[in-house]
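Here is how the chains run, residue by residue.
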Amino acid sequence: MKKLRVGVLASGRGSNLQAIIGQCESGDIPATVAVVVSDKGDAFALERARNHSIPAVHIHPAYYSGREEYEGRIVLEMQEYGVDLICLAGYMLLVGKTLLEAFPGRIMNIHPALLPSFKGFHAQGQAVAYGVKLSGCTVHFVDEGMDTGPIILQAAVPVYPDDLEDDLSARILEQEHIIYPRAVRLYAEGRLRVDGRKVFVLRDGKE
Ligand code: GRF
């Protein structure tokens, strides 16, 4: 069977990318990371890709007339590498119509909170400031909203009264590295079925 080809969009450190690469290389995920694209030339994610001989491409948004043209370039790059699924991994820009229409239902993201709580930036800081006792992370399909698409997997972690944003971020990140590769694996195995807002995980062909 042809292996699923994953394209990763990242803006920074790339630890989730690393987790996905690791499980693709070990054979736990029946997929290949085909290309890594970043809007930031100095993103460590690009370095991580090169370390694994994965094509690493910098596409600078400022070189394009607007989001449509910029995303059009990303689409071309993803198509060039035969990408089936796009994973956003710390990608700091909102995904627009051009990417969504080129990859309908085929873009995933990880967010460091239990959605629909604490959308947007500094989700871990928002959770600490709000005083919640539990937070976590969410892998979801991407739609036109910010952190609003159908939820695939979530993991919860405790939030302690003396936590700082960094403490909670580190606790959540450990879980991100577990559930993001797991979600990619389920997708690669054809075990995700989306019905409206709900994502069903199929077991042995059944729900
Ligand atoms: C993660 O916390 C992820 O949830 C958020 O951005 C961060 C990316 O970290 N979307 P990394 O680049 O994968 O290390």
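Report follows, based on the coordinates. (Residues numbered from 1 in each chain as written. Predicted model: local features only at pLDDT ≥ 70, side-chain atom pairs only at ≥ 80, totals over all residues. Heavy atoms only, no water.)

## Some words on the overall build of the protein
Now for step 1: Across its full length, the protein holds six helices and nine strands.
Now for step 2: Scaling as 2.2 N^0.38, a compact globule of 207 residues should have a C-alpha radius of gyration of about 17 Å, and the protein matches this with 17 Å.
Now for step 3: Buried positions account for 48% of the 207 residues belonging to the protein.
Now for step 4: Contacts in the protein between residues at least 24 apart in sequence constitute 62% of all its contacts with a sequence separation of at least 6.
Now for step 5: Both charge centroids of the protein, one from 22 positive and one from 26 negative side chains, sit 6 Å from each other. (Helix = DSSP H or I, 4+ residues; strand = E, 2+ residues; numbered from the N terminus. Rg over C-alpha atoms; globule rule 2.2 N^0.38 Å. Buried < 20%, exposed > 50% of the residue type's maximum accessible area, 1.4 Å probe, protein only. Contact = heavy atoms within 4.5 Å. Lys, Arg positive; Asp, Glu negative; His and termini not counted. Charge placed at Lys NZ, Arg CZ, Asp CG, Glu CD.)

## Things to note about the sheet that holds strand 2 (residues 31–38)
Now for step 1: Reading across from one edge, 3-2-1-4-5-6-7 is the order of the seven strands in this open sheet, with mixed pairing throughout. Looking at the sheet topology across the chains shown, the edges are occupied by strand 3 (56–58) and strand 7 (151–158). The average undirected angle you get between the axes of adjacent strands in this sheet is 20 degrees.
Now for step 2: Bridging between strand 1 (residues 4–10) and strand 4 (residues 85–88) involves four bridges; their strand directions are parallel. Within the sheet, the bridge partner assigned to Gly 7 lies in strand 4 and is Ile 86.
Now for step 3: Where helix 2 (residues 44–51) meets the sheet, it contacts strand 1, strand 2 and strand 3, and its direction lies at approximately 150 degrees from that of strand 3. (Pairing = 2+ DSSP bridges. Axes fitted to C-alpha atoms, helices over the stretch in contact; angles between N-to-C directions.)

## Comments concerning the nonpolar core
Now for step 1: Within the largest apolar cluster, 44 residues are counted, with the highest numbers of intra-cluster contacts made by Val 8, Val 33, Met 108, Ile 152, Tyr 180 and Val 184.
Now for step 2: Looking at this core element by element, the count peaks at nine residues for helix 6 (residues 165–188).
Now for step 3: For this core, the two domains that each supply at least three residues are domain 1 (1–104) and domain 2 (109–207).
Now for step 4: Residue contacts for Tyr 180: discarding those within four places in its chain leaves Asn 16, Ile 20, Cys 87, Leu 88, Ala 89, Met 108, Asn 109, Ile 110 and Val 139.
Now for step 5: Grouped together as the second largest cluster of nonpolar side chains are 20 residues, Leu 9, Val 83, Tyr 91 and Val 142 included. (Core = buried A, V, L, I, M, F, W, Y, C linked by side-chain atoms within 4.5 Å. Domains from an automatic or database assignment.)

## Quick look at the environment of Pro 150
Now for step 1: With respect to the secondary-structure elements, Pro 150 resides in the loop between strand 6 (134–141) and strand 7.
Now for step 2: Here Pro 150 is in contact with His 140, Phe 141, Val 194, Gly 196, Arg 197 and Val 199, once residues within four sequence places are set aside.

## So, the site of the ligand
Now for step 1: As a structural note, the neighbourhood of the ligand is formed by Arg 13, Gly 14, Ser 15, Asn 16, Gly 90, Ile 110, His 111, Pro 112 and Glu 176.
Now for step 2: One of the backbone N or O atoms of Asn 16 is found 2.9 Å from an oxygen atom in the ligand.
Now for step 3: Backbone polar atom of Ile 110 to a nitrogen atom of the ligand: 3.0 Å apart, as the coordinates give it.
Now for step 4: With the chains in place, 86% of the 370 Å² that the ligand exposes on its own is no longer accessible.
Now for step 5: Assessed atom by atom at 2 Å from the grid points, the ligand resides in the largest pocket.
Now for step 6: Every element with two or more residues in the shell around the ligand is listed here: helix 1 (15–26) and strand 5 (107–111).
Now for step 7: Grouping the amino acids of the shell around the ligand by side-chain chemistry returns two nonpolar, five polar and two charged. (Near = heavy atom within 4 Å. Polar contact = N/O pair within 3.5 Å; in protein donor to acceptor, adjacent residues only side chain to side chain. Areas by Shrake-Rupley, 256 points an atom, 1.4 Å probe, with all protein chains shown as cover. 1 Å grid on protein atoms, 1.4 Å probe; cavity = no way out; pocket = protein on both sides within 12 Å on 5 of 7 lines; lining within 4 Å. Sits in = over half its atoms within 2 Å of the grid points. Nonpolar A, V, L, I, M, F, W, Y, C, P; charged D, E, K, R; others polar.)

## What to know about the pairing of strand 1
Now for step 1: Within strand 1, six of the seven residues are buried, which leaves the element mostly enclosed by the surrounding structure.
Now for step 2: Pairing between strand 1 and strand 2: seven bridges, direction parallel. Of the residues in strand 2, the one forming a bridge with Ala 10 is Ser 38.

## Details of the packing of helix 1 against helix 6
Now for step 1: Contact geometry of helix 1 with helix 6 gives a least axis separation of 9 Å together with a crossing angle of 45 degrees. When the axis of helix 1 is compared with that of helix 6, the two are oblique. Of the two elements, helix 1 crosses helix 6, and the hand of that crossing is right-handed. Mapping the contact onto sequence places Ser 15, Asn 16, Ala 19, Ile 20 and Gln 23 in helix 1 and Leu 173, Glu 176, His 177, Tyr 180, Pro 181 and Val 184 in helix 6.
Now for step 2: Residues that form the contact of helix 1 with helix 6 fall into these classes: six nonpolar, four polar and one charged. (Parallel < 35°, antiparallel > 145°, perpendicular 65-115°, else oblique. Left-handed = near helix turned anticlockwise from the far one by under 90°.)

These figures capture arrangement, not role.
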